[in-house]
Amino acid sequence: MQAVILAAGMGKRLKELTHDNTKCMIKVNGVTLIERMLGQIDKHHLSRIIIVVGYEGEKLKEYISTLNISTPIEYVDNPIYDKTNNIYSLALAKDYLASDDTLLFESDLIFEDSLIDELLNDSRDTLALVDKYESWMDGTCVKISENDDIEAFVPGKKFKFNEIKDYYKTVNIYKFSKHFSETHYVPFLDAYQKALGLNEYYEQVLRVITMLDNPEIKAKRLSGQKWYEIDDIQDLDIAESIFSPDDDERVKLIQGRYGGYWRYPKLLDFCYLVNPYFPPEKMKDEIRANFDTLLTEYPSGMRVNSLLAAKNFGVHQENIIVGNGAAELIKSLMGYLEGKVGFIRPTFEEYPNRYDRNNSIDFIPNNNDYSYSAEDIIEYFEDNRIDNLIIINPDNPSGNYISKEGLLKLINWTKDKSIKLVIDESFADFSDELDNTLIDQGILSSNPHLFVMKSISKSYGVPGLRLGVLASGDEKIIAKMKKDVAIWNINSFGEFYLQIEEKYKKDYEEALVKFRTERKRYEKELERVKGVRVISSQANFVMVELDEDISPKDLLKIMLIKHNILIKELTTKTNGRNYLRLAVRDKKDNDYLVSKFLLELGEK
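Colleague: Looking at this structure, how should I read the side chain of Asp-235?
Modeller: Checked against the element boundaries, Asp-235 lands in helix 8 (residues 233-242). Among the polar contacts made by the side chain of Asp-235, one reaches the main-chain amide nitrogen of Asp-231 at a distance of 2.9 Å. A polar side-chain atom of Asp-235 sits 3.2 Å from a polar atom in the side chain of Arg-263.

Colleague: I keep staring at the sheet that holds strand 25 (residues 568-569) and nothing clicks. Help me out?
Modeller: Across the sheet, which stays open at both edges, the four strands sit in the order 22-23-26-25 with antiparallel pairing between neighbours. Because the sheet does not close on itself, it has two edges, and the strands there are strand 22 (532-535) and strand 25.

Colleague: What exactly am I supposed to notice about the packing of helix 8 against helix 9 (residues 247-255) here?
Modeller: Relative orientation and spacing of two packed helices are given, respectively, by the angle between their axes and the distance between those axes. Close contact between helix 8 and helix 9 brings their axes to 8 Å; oriented N to C, the two are set at 140°. Looking at the two axes, helix 8 sits oblique to helix 9. Mapping the contact onto sequence places Glu-240, Ser-241 and Ile-242 in helix 8 and Arg-250, Leu-253 and Ile-254 in helix 9.

Colleague: Got a minute to help me understand empty space enclosed by the protein in this structure?
Modeller: One simple way to see leftover space: roll a probe sized like a water molecule over the atoms. In total, this model carries two cavities of 30 Å³ or more according to the counting rule given. Empty space within the largest cavity amounts to approximately 40 Å³. Per-element tally for the lining of the largest cavity: the top contributor is strand 18 (residues 388-392), with three residues. Looking at the lining of the largest cavity residue by residue, the classes come out as eight nonpolar, one polar and one charged. Size it by volume and the second largest cavity reaches roughly 30 Å³.

Colleague: Hey, could you run me through the nonpolar core in this one?
Modeller: Soluble, globular proteins show a tendency: their nonpolar side chains are buried together. Leu-389 and Leu-410 are the most contacted members of the largest nonpolar core, which totals 141 residues. In terms of residue count, helix 21 (residues 505-526) provides more of this core than any other element does, six residues in total. Excluding anything up to four places from it in sequence, Leu-389 contacts Gly-342, Ile-344, Ile-377, Phe-381, Leu-410, Trp-413, Thr-414, Ile-419, Lys-420, Leu-421 and Val-422.

Each value, and the rule that gives it
- Residues numbered from 1 in each chain as written.
- Predicted model: local features only at pLDDT ≥ 70, side-chain atom pairs only at ≥ 80, totals over all residues.
- Heavy atoms only, no water.
- Helix = DSSP H or I, 4+ residues; strand = E, 2+ residues; numbered from the N terminus.
- Polar contact = N/O pair within 3.5 Å; in protein donor to acceptor, adjacent residues only side chain to side chain.
- Pairing = 2+ DSSP bridges.
- Axes fitted to C-alpha atoms, helices over the stretch in contact; angles between N-to-C directions.
- Parallel < 35°, antiparallel > 145°, perpendicular 65-115°, else oblique.
- Contact = heavy atoms within 4.5 Å.
- 1 Å grid on protein atoms, 1.4 Å probe; cavity = no way out; pocket = protein on both sides within 12 Å on 5 of 7 lines; lining within 4 Å.
- Points joined across faces, edges and corners; volume = space filled by probe spheres on them.
- Nonpolar A, V, L, I, M, F, W, Y, C, P; charged D, E, K, R; others polar.
- Core = buried A, V, L, I, M, F, W, Y, C linked by side-chain atoms within 4.5 Å.
- Buried < 20%, exposed > 50% of the residue type's maximum accessible area, 1.4 Å probe, protein only.

So this is what it looks like as structure tokens:
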């Protein structure tokens, strides 16, 4: 068995990173792709490694000569690498293909060691390594039968997004038997080049071969093993987080992305908070049906979007502003607060991070649940004079909830004290109290010191749309904020959502009923886990306290590295105390998380 590596390409999409180096000289976590690949191949004691070089070929050869590789290495030069594609590079090595069984690699790949084991340990002679198609993948796909026959090769120009559930992506690692190369691949390679030229891809030859009655090649499906193809700087960034040899660094890199986790398709995100039961499929279908228009047309300006929000929430458009997520509105609003600001800690850090800590006064509840009431807040800030008060209700991360009756007490107290009151009710819809919103024209008009924030992303399960609203009876500040943000601060998809949202009110109410039932069940399941104390929540997440001998950071690392589950540890929010915040997802996902907690911590 030998290996062939195709390494002649220029890697133009990596721009300055390949200005004077071939693509496989790119470093991932300090190690070049070619060094990593050669080291992985070397472990299997193959007869030789053939590398097809082109762009910066001499520099690549010189570099490889410095590596400690015991397997003999031979080179094939592609002198016209800039005018040909990889079909020509492989054709230059065709005599090698016909002389021995071969493992074929493209040099821009990074993968875990087990991928080579998968091919070598499979008794079938000729295999194409494939993985279930995910949105981050690019290039040739295949359709395969139940018995691993490759029914069709799907090049990029034939790709159909409505068929992706049937697609597998070629990993660009193959095992060719000597017989297959002699009788199938090399003859068809020669014929294909003569007919269609040198600027083609070697997979096209395989596409033709699969049309034969006995193509000999089968698909070898992966089952969760890690690999990545690096074509641009974004791919490089993703690969560094996936393949970091240091678990702590890997956790840091993934957490530092703050979302975008569809690029990690096997990752279960219990960190970021959404509604698992909304929007309904019909609503998504309506958005899909208007996709072309929404993509190519400008959205309306702030006035129209304020009108849409006013319609949905039953207030005057002068009293409400729509934001590109609540975060945009928080940043603007905090700029209008003056004097001392009161916070309840731990809390959602976006608010305190936007204000001078020297003018901040924190109330920290003196109990292990971080629970508090309206009366507790009033009592504390009676003795600690403030000019503004921020309330998250339910609070994040504790899930503590103040009833509407209690909030009205706070509104009256702050009014008497001339304190501006900001109440963030982004999680309020998930509470068991059904009629609890403060976005009410009567309440707002009577209390111009009150500002009510709501994240549509969190409540309605559409974080990708980036929508939030702020309502207040203080029309002057609302008007000023409308001038702070861009006139087109939300896109057409967000506007269309606001346009149709009212039609799905009943679906939303039904989703919340399902959610409340699942949260209650989920809390009971978590209570089964040894060393875990569940703090009952009214939000779409649950805070839990771990026993002293369980490190939240270590558990986070185990869940991410071992089980592909991302959770939120709260040591920085709770002065080093052992707390976690766990999102409430649907029953299947919640049960999966509980099962892994039981596996790692045991059952009570």
